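Summary of the model geometry
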Amino acid sequence: MTVVLLSTFLLFLLTTSRIHSEDLNTKYFPENFLFGVASSAYQIEGAWNESGKGESIWDHFTHKHPERVRDRSNADIACDSYHKIKEDVALLKELGVDFYRFSISWSRLLPTGHVNYINPDGIRYYNELIDELVANGIKPMVTLNHWDLPLNLQKLGGWTNYFLVDIFVDFARVAFENFGDRVPYWITFNSGCDVGYGTDQPPGINQSGIAEYLCVHVTLKAHARVYYLYDKEFRKTQKGQIGMTIDGKWYEPKTDAKEDIEAATRAREFLVGWMMHAIYHKDGGYPQVVKDRIAYRSKHETFPISRLPQFTPEEIDYIKGTYDFLGLNIYTTNLVSDREEDPFDEPSYEKDLRIEVTQDPSWPTSNADWLKVVPQGARNLLNWLKDNYGNPPIIITENGYADKGQLDDTGRMNYYQLYLSAVLDAIHDDKVNVIAYTAWSFLDNFEWLDGYTQKFGLHHIDFDDPDRPRTPKQSAKMYKDIISHRRLTVDLKEEL
Ligand SMILES: *[C@@H]1O[C@H](CO)[C@@H](O)[C@H](O)[C@H]1NC(C)=O
Ligand SMILES: *[C@@H]1O[C@H](CO)[C@@H](O)[C@H](O)[C@H]1NC(C)=O
């Protein structure tokens, strides 16, 4: 036992990179810079079947396949935020955030996914949440679709079905009409085509090399349609902004070899550019290397045309520039090397991409294997976005660190200090147009396939207690300090 404790302690020392006073970044966040925290509906709301809510793909999956969630859990109750509007907003107020990013549960608002029946309780719930935020001086930032598609719509093929574009526009209209007068920031999608359509994560389409590309194609069209809906019918009166959130990592070549540098470029274009290019790049459409690779492999796999759907020139024009800001989720960095061309035996996103991904064993880690602490990678990614996409206004919509949920969360405090320092450098030294930052996450919550084994929250929740009591962690106090001082605030005498 002692040995275990000792080695845990040593591991803790080794994996926590320490901030010393001389490292503290003394720059200030710009005057209009905004700070927030984020959540998503399925991960926190609970009340999965209350007051007329319909079933989402995540409700369905966690009930049908508990064995596929690491601790066999689900989000039937989760943080019970559905019943805790006042309590949650009081915590947000205490943090001093400028905004709160949350998502609308589509199947709470429209139980079947369609607008012929609008659930009055869905309208009530989000109205109350938004009113409470506004009354406390907190701006709502609302994601329309954060993974939890109504099950009914998945049965129609989900984001591989072109008709979802019209159905999504209908849903967005209900949201704008009912809530838009108080919502200054809208995010159409928190993108997730790679996991949901290429792998067995919900909806678990698991048709790699085919389904991801259909999903991206339909998602991009749906995003653009909703942008124009907002732009033409709501912007003038509601005066909000709208964009999409891209899941971004930084991809660094593992060596200086030309092949690895090219592999890292492929990684950026396939894993970030595939969702971004059509909207944010001046040329629109898909990145050239993505088009070339998929066409090349498709041909050798005896497909008559590329597995990547094509946009018409009119569609390219239509989608291009449909944003007010770029939403970016950034957690970590991967090292990329080239790999041999695979046999042309089956369609595969991995084989189209043709890279090996590793991480540097010297990078400090977190409680999630994939999440290594590499603040410089965030700065590199921000610079790459600036250079390739004409320096759009960037809202960092998620950034955070996984541990086991302890209140004394030094690892998370370090992480935020280091990443925010990199963001400050990107803003001041590199002139990247970052306008807002969102910590993931407001609360410990249901972390998708990792269930409750990974905790990202600034607030601890006792998931064994039916009341789900919330307790601010040390990191919440630190974040509050940073927000009120507009700069990093590690006590100079005291190491983290
Ligand atoms: C809602 O789901 C819970 C399980 O999470 C179940 O016990 C309860 O009976 C369900 N309620 C309704 C109205 O279906
Ligand atoms: C997903 O597809 C792969 C490759 O075809 C297969 O090996 C795996 O069993 C599938 N997973 C599920 C859950 O069906």
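The protein goes by Myrosinase 1-like in an unreviewed UniProt entry, where it is assigned to Ignelater luminosus. If you open the UniProt record of the protein and go to Sequence similarities (unreviewed entry), you find "Belongs to the glycosyl hydrolase 1 family."

Moving on, we come to the site of ligand 1. In the region of ligand 1, the neighbouring residues are Trp-48, Asn-49 and Asp-76. Trp-48 places a side-chain nitrogen or oxygen 3.1 Å from an oxygen atom of ligand 1. Between an oxygen atom of ligand 1 and a side-chain N or O atom of Asn-49, the distance comes to 2.3 Å. Its free accessible area being 360 Å², ligand 1 has 29% of it covered by the protein chains.

What follows deals with the nonpolar core. In terms of nonpolar packing, the biggest core is built from 150 residues, with Val-37, Trp-106, Trp-159, Phe-176, Phe-179, Trp-186 and Tyr-479 touching the most fellow members. For this core, the leading source of residues is helix α10 (residues 211–238), giving 14 residues. Beyond its immediate sequence surroundings of up to four residues, Trp-159 is in contact with Trp-106, Asn-145, Leu-149, Leu-164, Phe-168, Phe-189, Tyr-197, Leu-214, Cys-215, Val-218, Thr-219 and Ala-222. Counting 8 residues, the second-largest nonpolar core is a separate cluster that includes Met-141, Tyr-185, Phe-325 and Ile-395.

Here the amide bond leading from Pro-202 into Pro-203 is cis, since omega sits at 5 degrees, within 30 degrees of zero. With respect to the helices and strands, the residue Pro-203 is situated in the loop between α9 (193–198) and α10. The omega torsion across Trp-440 and Ser-441 is 20 degrees, close enough to zero to call that bond cis. Relative to the helices and strands, Ser-441 is located in the loop between β9 (434–439) and β10 (459–461). You will see that Arg-72, though not glycine, has its phi angle at about 55 degrees, which is positive. With respect to the secondary-structure elements, Arg-72 resides in the loop between α3 (57–64) and α4 (85–95). Since its relative accessible area comes to 55%, Arg-72 is described here as exposed. A positive phi angle is found at Arg-468, which is not glycine, with a value near 50 degrees. Tracing the chain through its elements places Arg-468 in the loop between β10 and β11 (470–472).

Taken N-terminus to C-terminus, the directions of helix α6 (residues 120–135) and helix α8 (residues 164–179) make an angle of 50 degrees; their axes are 11 Å apart at the nearest point. The orientation of α6 relative to α8 falls into the category oblique. As α6 runs across α8, the sense of the crossing is right-handed. Residue-level inspection shows Gly-122, Ile-123, Tyr-126, Asn-127 and Ile-130 of α6 in contact with α8, the latter providing Val-174, Asn-178 and Phe-179.

The term disulfide refers to a covalent linkage connecting the sulfur atoms of a pair of cysteines. On inspection of all chains with the given rule, the structure shows 1 disulfide. Disulfide pairing places Cys-193 opposite Cys-215 at an S-S distance of 2.1 Å. Here the S-S torsion is close to -70 degrees, and the disulfide linking Cys-193 with Cys-215 is therefore left-handed. Highlighted residues: Cys-193 in helix α9 and Cys-215 in helix α10, separated in sequence by 22 residues. For Cys-193, a relative accessible area of 4% corresponds to the buried category. With relative accessibility at 2%, the residue Cys-215 sits in the buried group.

In this structure, Gln-406 sits in the loop between β8 (394–398) and α16 (410–428). Taking the C-alpha atoms as reference points, Gln-406 and His-460, separated by 54 residues in sequence, lie 7.4 Å from one another. Of note is the side chain of Gln-406, whose polar atom sits 3.5 Å from the backbone nitrogen of Lys-404.

Turning to α3, its buried residues number three or more, namely Ile-57, Trp-58, Asp-59, Phe-61 and Thr-62. Lining the buried residues of α3 we find α2 (41–44) and α7 (151–155).

Below, the discussion takes up empty space enclosed by the protein. By the definition in use, this model includes 4 cavities of 30 Å³ or more. Of the voids in this model, the largest cavity is the one considered here, and its volume is about 180 Å³. What lines the largest cavity is a set of 20 residues, among which Asn-145, Trp-147, Trp-159, Gly-192 and Tyr-197 lie closest to the centre. Listed by contribution, the elements that provide at least two residues to the lining of the largest cavity are α3, β4 (185–190), α9 and α10. Of the residues in the lining of the largest cavity, the class split is 12 nonpolar, 8 polar and no charged. As a volume, the second largest cavity reaches approximately 80 Å³. Ile-44, Tyr-100, Phe-102, Tyr-125 and Leu-129 are the residues nearest the centre of the second largest cavity, which is lined by 13 residues in total. Elements supplying a minimum of two residues to the lining of the second largest cavity: α2, α4, β2 (99–103) and α6. For the lining of the second largest cavity, the element with the highest residue contribution is β2, accounting for 3 residues.

Cut-off values and rules
Residues numbered from 1 in each chain as written. Chains lettered and ligands numbered in written order. Predicted model: local features only at pLDDT ≥ 70, side-chain atom pairs only at ≥ 80, totals over all residues. Heavy atoms only, no water. UniProt positions renumbered as here; feature names shortened; annotations may be inferred. Near = heavy atom within 4 Å. Polar contact = N/O pair within 3.5 Å; in protein donor to acceptor, adjacent residues only side chain to side chain. Areas by Shrake-Rupley, 256 points an atom, 1.4 Å probe, with all protein chains shown as cover. Core = buried A, V, L, I, M, F, W, Y, C linked by side-chain atoms within 4.5 Å. Buried < 20%, exposed > 50% of the residue type's maximum accessible area, 1.4 Å probe, protein only. Helix = DSSP H or I, 4+ residues; strand = E, 2+ residues; numbered from the N terminus. Contact = heavy atoms within 4.5 Å. Axes fitted to C-alpha atoms, helices over the stretch in contact; angles between N-to-C directions. Parallel < 35°, antiparallel > 145°, perpendicular 65-115°, else oblique. Left-handed = near helix turned anticlockwise from the far one by under 90°. Disulfide = S-S within 2.5 Å. 1 Å grid on protein atoms, 1.4 Å probe; cavity = no way out; pocket = protein on both sides within 12 Å on 5 of 7 lines; lining within 4 Å. Points joined across faces, edges and corners; volume = space filled by probe spheres on them. Nonpolar A, V, L, I, M, F, W, Y, C, P; charged D, E, K, R; others polar.

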